[in-house]
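What the coordinates show
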Amino acid sequence: MSSQSGDPRAKLKRQAAIEAASMVQEGMVVGLGSGSTSAYMIEELGRRWAEGLRFCAIPTSEHSAEQARAHGIKLVTFASHPQIDIDIDGADEVELGTLNLIKGLGGALFREKIVAAASRRFVVVVDESKLVEHLGHHVPVPVEVTTFGWESTARQIEALGARITQRLDRSGNLFVTDGGNMILDCHFGAITDSVALSRRLRAIVGVIETGLFIGRTSEVIVAAHDGLKHLEPS
């Protein structure tokens, strides 16, 4: 994290992540999100763990699991802990008012949604650049699909008005999720009805999950230029 210490936006995100981490209390079951903002949160939880706070956690990605283990944080599974007290994660876009989200540019959307759905409270940490009037304004909707028949699945998504690109990794190879699937980045432009779009996408055979997180957010902590802001859905 030190390499980003001179970036004002990174400093604000770190502050917001620390604020979110402060919500974790003794004995809680915690969902550990993925991505750069969540990395700050896990780092702070690691610091609190070293000071004696005890909780257990379910990570949303192998990377988050590895970071948590490095701090000695106790990891568990849904087999023993089916209910999560609080899930803390980032987002790629947040729709003002509804606080519906686009997530998944980091590739962990399926696990992230499973953890969010099992959580009593889902807290999202972003910087103010992620706030939009309508989802899809800046980023595509990631859609996780099976590799078998993905071409057919893609054609059905295109019929809904999307321009699709296959997700590649940094080496230019096909990106493979932790679950062994692929991701199609679906560019719809500004989405006027994210609820309807989510329903239509999930009705397509071959779609495993989408990066549209509808009606799941409890609170958003925003790292703004003038300090931290707390938003609740309206």
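Computed from a predicted model, the values in this text were never measured in an experiment.

The rules behind the values
- Residues numbered from 1 in each chain as written.
- Predicted model: local features only at pLDDT ≥ 70, side-chain atom pairs only at ≥ 80, totals over all residues.
- Heavy atoms only, no water.
- Helix = DSSP H or I, 4+ residues; strand = E, 2+ residues; numbered from the N terminus.
- Buried < 20%, exposed > 50% of the residue type's maximum accessible area, 1.4 Å probe, protein only.
- Areas by Shrake-Rupley, 256 points an atom, 1.4 Å probe, with all protein chains shown as cover.
- Lys, Arg positive; Asp, Glu negative; His and termini not counted.
- Charge placed at Lys NZ, Arg CZ, Asp CG, Glu CD.
- Pairing = 2+ DSSP bridges.
- Contact = heavy atoms within 4.5 Å.
- Axes fitted to C-alpha atoms, helices over the stretch in contact; angles between N-to-C directions.
- Arc of directions from axis to C-beta.
- UniProt positions renumbered as here; feature names shortened; annotations may be inferred.
- Domains from an automatic or database assignment.
- Salt bridge = Lys/Arg side-chain N within 4 Å of Asp/Glu carboxyl O.

Our next topic: the overall build of the protein chain. Of the regular secondary structure elements, the protein chain holds six helices and 15 strands. Considered along the principal axes of its C-alpha atoms, the protein chain spans approximately 55 × 40 × 35 Å. Residues counted as buried form 51% of the 234 residues belonging to the protein chain. Accessible surface, the protein chain as shown: approximately 10,900 Å² in total, 50% of it carbon and sulfur. Between the averaged position of the 24 positive side-chain charges in the protein chain and that of its 29 negative side-chain charges there is a distance of 2 Å.

Taken in spatial order, the seven strands of this open sheet run 3-2-1-4-7-14-15, and their pairing is mixed. In this open sheet, the two edge strands, each paired with only one partner strand, are strand 3 (74–75) and strand 15 (227–231). Here five bridges tie strand 7 (residues 119–127) to strand 14 (residues 219–224), and the two strands are oriented parallel to one another. By the bridge assignment, D127 is partnered in strand 14 with A223. Sheet strands in contact with helix 2 (residues 36–50) are strand 1 (29–32), strand 3, strand 4 (84–89) and strand 7, and its direction is about 145° off that of strand 1.

The next point concerns helix 5 (residues 150–158). The periodicity of an α-helix, 3.6 residues per turn, causes residues three or four places apart in sequence to face the same way. Among the residues of helix 5, those classed as buried are T153, A154 and I157. Seen along its axis, helix 5 keeps its buried residues to an arc of 100°; they face one direction. At its buried positions, helix 5 is contacted by strand 9 (141–145), strand 10 (163–166), strand 11 (182–187), helix 6 (194–202) and strand 12 (207–210).

The feature "active site" (unreviewed entry), as annotated in UniProt, sits at E112 in this numbering. Structurally, E112 can be placed in helix 4 (residues 109–117). Every residue in contact with E112, bar those within four places of it in the chain, is listed here: S34, T60, D87, D89, K103, G104 and F213.

With that settled, consider the environment of S171. Along the chain, the position of S171 falls in the loop between strand 10 and strand 11. Of the residues examined, S171 reaches a relative accessible area of 62% and is grouped as exposed. Between the C-alpha atom of S171 and that of V141, which follows or precedes it by 30 residues, the distance is 22 Å.

Taken domain by domain, the protein chain holds domain 1 (9–130 + 214–225) and domain 2 (141–211). Computed over C-alpha atoms, the centres of domain 1 and domain 2 are 24 Å apart. Listed as interface residues are 16 residues of domain 1 and, on the opposing side, 17 residues of domain 2. Our enumeration of links across domain 1 and domain 2 arrives at two salt bridges.

This next bit is on the pattern of salt bridges. Applying the stated criterion across every chain yields a total of 13 salt bridges. Salt-bridge contacts for E62 lead to R111; the nearest nitrogen and oxygen are separated by 2.9 Å. Of the two residues, E62 is situated in helix 3 (residues 62–70) and R111 in helix 4; the sequence distance between them amounts to 49 residues. Judged by its relative accessible area of 30%, R111 is partly exposed. Here K113 and E209 are joined by a salt bridge, their closest N and O atoms 3.0 Å apart. Linking K113 in helix 4 with E209 in strand 12, this pair joins segments that are 96 residues apart in sequence. As far as the burial class goes, K113 and E209 line up, both buried. One salt-bridge network, in which partners are shared between bridges, spans E44, R47 and E51.

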